[in-house]
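Chain by chain, the residues:
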Amino acid sequence: MPRSIYPARATGKFGFNLSANTVPPPVQPSEREREAQTGNILPPGDAIEQVGGASSDTGTHQNYLDRVQNYIPAEIIAFFIFVNSLIPGIAGSAAEGWSVDKVVSVLSVLVGLLACWFYAKAMSESDNNPSWKLQAILWSIAFLIWIYAIDAKVLDLISHDPVPSLSGLMLAGFTIFSGLVIPTQEEG
């Protein structure tokens, strides 16, 4: 299941950095840390865990491979592949009239693109992450690349046959370079 991509401190002016560095998630104070900050006394033995005020969970840092994984909307692509497999071959272009199969093929693309945005927004609210727009944009790009790569039935409407070498290049290129994109957050 994808997670949000955590923003790093802004060093550029475009809203994202290109880097393969590990980015730690935003630190949310634990209940014990909040009690310590308000002056409440911690139970014996718990003060040792609070030394330095840092989180002891080091496994949540996002590295390059985590970001690559999180920039591919697997659930949405799976939905599209399922719907696409239910559509028999579409004969003719959109100008020749709209059959139910043609409408379903177009709607599956639109639903997939909308799902990229709604799912990214919903995840950002649960993770309290402000960089959902960049993740939604990258999900949309990945979704469109996958549509092209799997030779979706909707491409028959524009009478286009995907070029296998181009679709392979786009899939591999997105996979390689998407992990370099790290959203940024202005300090303030």
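Shown above is the structure to which this text applies.
Residues numbered from 1 in each chain as written. Predicted model: local features only at pLDDT ≥ 70, side-chain atom pairs only at ≥ 80, totals over all residues. Heavy atoms only, no water.

A look at the overall build of the protein chain
Next up, step 1: When you go through the protein chain residue by residue, the secondary structure sums to six helices and three strands.
Next up, step 2: Helices and strands in the protein chain line up, N terminus first, as β-β-α-α-α-α-α-α-β.
Next up, step 3: Evaluated residue by residue, the protein chain yields a buried proportion of 35% over its 188 residues.
Next up, step 4: Of the contacts made within the protein chain by residues no fewer than 6 positions apart, 74% connect residues no fewer than 24 positions apart. (Helix = DSSP H or I, 4+ residues; strand = E, 2+ residues; numbered from the N terminus. Buried < 20%, exposed > 50% of the residue type's maximum accessible area, 1.4 Å probe, protein only. Contact = heavy atoms within 4.5 Å.)

Looking at the nonpolar core
Next up, step 1: Within the largest apolar cluster, 15 residues are counted, with the highest numbers of intra-cluster contacts made by Phe80, Trp139, Phe143, Ile147 and Val154.
Next up, step 2: Sorting the residues of this core by element identifies helix H3 (74-86), helix H4 (100-127) and helix H5 (132-149) as the ones contributing at least two each.
Next up, step 3: If you tally residues by element for this core, the top one is H5, at five residues.
Next up, step 4: One finds Leu134, Leu138, Ala142 and Ile145 within the second-largest nonpolar core, a separate group that totals seven residues. (Core = buried A, V, L, I, M, F, W, Y, C linked by side-chain atoms within 4.5 Å.)

Here we look at the pattern of salt bridges
Next up, step 1: As enumerated under the stated definition, the model contains one salt bridge in all.
Next up, step 2: With a shortest N-O distance of 3.9 Å, Glu125 and Lys121 are connected by a salt bridge. Here Glu125 pairs with Lys121, and both are found in helix H4, just four residues apart, close to one helical turn. (Salt bridge = Lys/Arg side-chain N within 4 Å of Asp/Glu carboxyl O.)

Here's the deal with the environment of Gln62
Next up, step 1: With respect to the helices and strands, Gln62 occurs in the loop between helix H1 (31-38) and helix H2 (64-70).
Next up, step 2: On a C-alpha basis, the gap between Gln62 and Gly179 in space is 10.0 Å, while along the polypeptide they are 117 residues apart.

Digging into unusual backbone geometry
Glycine aside, the phi torsion of most residues is negative, and most peptide linkages are trans.
Next up, step 1: Within the chain, Asp151 stands out as a residue other than glycine whose phi angle is a positive 55 degrees.
Next up, step 2: Along the chain, Asp151 turns up in the loop between H5 and helix H6 (164-178).
Next up, step 3: What makes Asp151 partly exposed here is its relative accessible area of 39%.

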